[in-house]
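Structure assessment
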Amino acid sequence: MRTFTKATIGFASAGILIAGLAGCSAEATTSSPAPAASSSSSADATPTPLASIPSLSGVDTAVLLDADFGAALTSLGLNAGTVGTATLEEGSLHFPITGGNVDYYDPAEDYRPYVQGSIEHEGSGFSLTAGDIVVELTNFTIDPGTSELFGDVSVNGESAANQELLFDLYGGTLKPLEMDGDNAILAGTTVHISSVAAGLLNSTFSTDAVTDQMLVGIATITAATK
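Residues numbered from 1 in each chain as written. Predicted model: local features only at pLDDT ≥ 70, side-chain atom pairs only at ≥ 80, totals over all residues. Heavy atoms only, no water.

**Comments concerning the nonpolar core**
Ranked by size, the top nonpolar core spans 40 residues in total, and within it Phe 126, Leu 137, Phe 140, Phe 167 and Ile 193 carry the most contacts. The element contributing the most residues to this core is strand S8 (residues 115–130), with five residues. Every residue in contact with Phe 140, bar those within four places of it in the chain, is listed here: Phe 95, Ile 119, Glu 120, His 121, Gly 125, Phe 126, Leu 149, Phe 150, Gly 151, Leu 166 and Phe 167. (Core = buried A, V, L, I, M, F, W, Y, C linked by side-chain atoms within 4.5 Å. Buried < 20%, exposed > 50% of the residue type's maximum accessible area, 1.4 Å probe, protein only. Helix = DSSP H or I, 4+ residues; strand = E, 2+ residues; numbered from the N terminus. Contact = heavy atoms within 4.5 Å.)

**Some remarks on the packing of aromatic side chains**
The tally for this structure, following the rule as stated, stands at six aromatic pairs. Judged by centre distance (6.1 Å) and plane angle (75 degrees), the ring pair of Tyr 104 and Tyr 114 falls under edge-to-face. Here Tyr 104, found in strand S7 (residues 99–104), pairs with Tyr 114, found in the loop between S7 and S8; they are ten residues apart in sequence, far enough to count as distant. By the ring-pair criterion, three or more aromatic residues cluster together here, those being Phe 95, Phe 126, Phe 140 and Phe 167. (Phe/Tyr/Trp six-rings, centres within 6.5 Å; stacked < 30°, edge-to-face > 60°.)

**Remarks on helix H3 (residues 195–205)**
Listed as buried for H3 are Ala 197, Ala 198, Leu 201, Asn 202, Thr 204 and Phe 205. Viewed along the axis of H3, the buried residues span an arc of 165 degrees, placing them on a single side of the element. Its buried side turned inward, H3 meets S8, strand S9 (133–143), strand S10 (148–155), strand S11 (158–170) and strand S13 (183–193). Directly after H3, the chain includes Ser 206, whose backbone phi takes a positive value near 50 degrees. (Arc of directions from axis to C-beta.)

**Observations concerning the pairing of strand S6 (residues 92–96)**
The element S6 is extensively covered by neighbouring structure, given that four of its five residues are classed as buried. Where strand S3 (residues 59–65) lies against S6, five bridges are found, and the strand directions are antiparallel. Pairing of Ala 62 across the sheet is with His 94, part of S6. Bridge count for strand S5 (residues 87–89) against S6 is three bridges, and the pairing is antiparallel. Bridged to Leu 88 within S6 is Leu 93. The loop that links S5 with its antiparallel partner S6 comprises two residues; one of these, Glu 90, has a positive phi angle of about 50 degrees. (Pairing = 2+ DSSP bridges.)

**Remarks on the confidence of the model for the protein**
Per-residue confidence for the protein averages 82 on the pLDDT scale, and 81% of its residues sit at or above 70. Every residue in residues 3–16 scores below 50 in pLDDT, and together they form 30 contacts with partners more than four places removed in sequence or on other chains. Taken together, the stretch residues 34–43 has pLDDT below 50 and engages in 21 contacts with residues farther than four places along the chain or on a different chain. (pLDDT = per-residue confidence, 0-100.)

**Structural notes on unusual backbone geometry**
A cis amide bond links Gly 58 to the next residue, Val 59, at an omega of 5 degrees. Along the chain, Val 59 turns up in strand S3. The peptide bond linking Arg 112 to Pro 113 adopts the cis configuration, its omega dihedral lying at -10 degrees. As for its placement among the helices and strands, Pro 113 is situated in the loop between S7 and S8. Although it is not a glycine, Asn 156 sits at a positive phi angle of roughly 50 degrees. Relative to the helices and strands, Asn 156 resides in the loop between S10 and S11. On the basis of relative accessible area, Asn 156 is assigned to the partly exposed category, the value being 44%. Unusually for a residue other than glycine, Gln 213 sits at a positive phi of about 70 degrees. Structurally, Gln 213 is set in the loop between H3 and strand S14 (215–224).

Structure below.
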């Protein structure tokens, strides 16, 4: 555990990345954003997706930490650190993409959610430490259909939760797709602490300062297209 210190792609693949990887189906509001609807599929039979990425690999999901989030950690006496293959670079936490898949359906049809799949980040995460209590949040999985991020939680090395909803993602400020060689880059999705994570952290650290939907930072997803 490390402690914090101060070519082109096809239209279909681009559609998946734009609509899915950043959980951008939600509209952000100025105060209390609401997550994307997670309505069940409304068609009688599963239609054929317009495009699919059957196997995601590389590069990473990065979260530029919000200054107020950092200040909140300091006020609580929490020290943050990286776990596993995660890194901290210029104020952003980086979690390598290790697997997953995405299917993209015609948004003009009734089938919902029109982006389905998962984006996996096995073997990385971050920790929060206060005194002799160490909480690790790891093995993140993004569900692009519901704009939610799940993960495992341990306290002092003991499992406390497996693939619980830890963060909500809002894509109202998503920027246009950019390319860097064969990598597609999507930036602007905001990351917020879920009510589940807030309750767990407050209980563990004996506080009530971690609030539901507290802004953690802004995500940038860089996905390899080849």
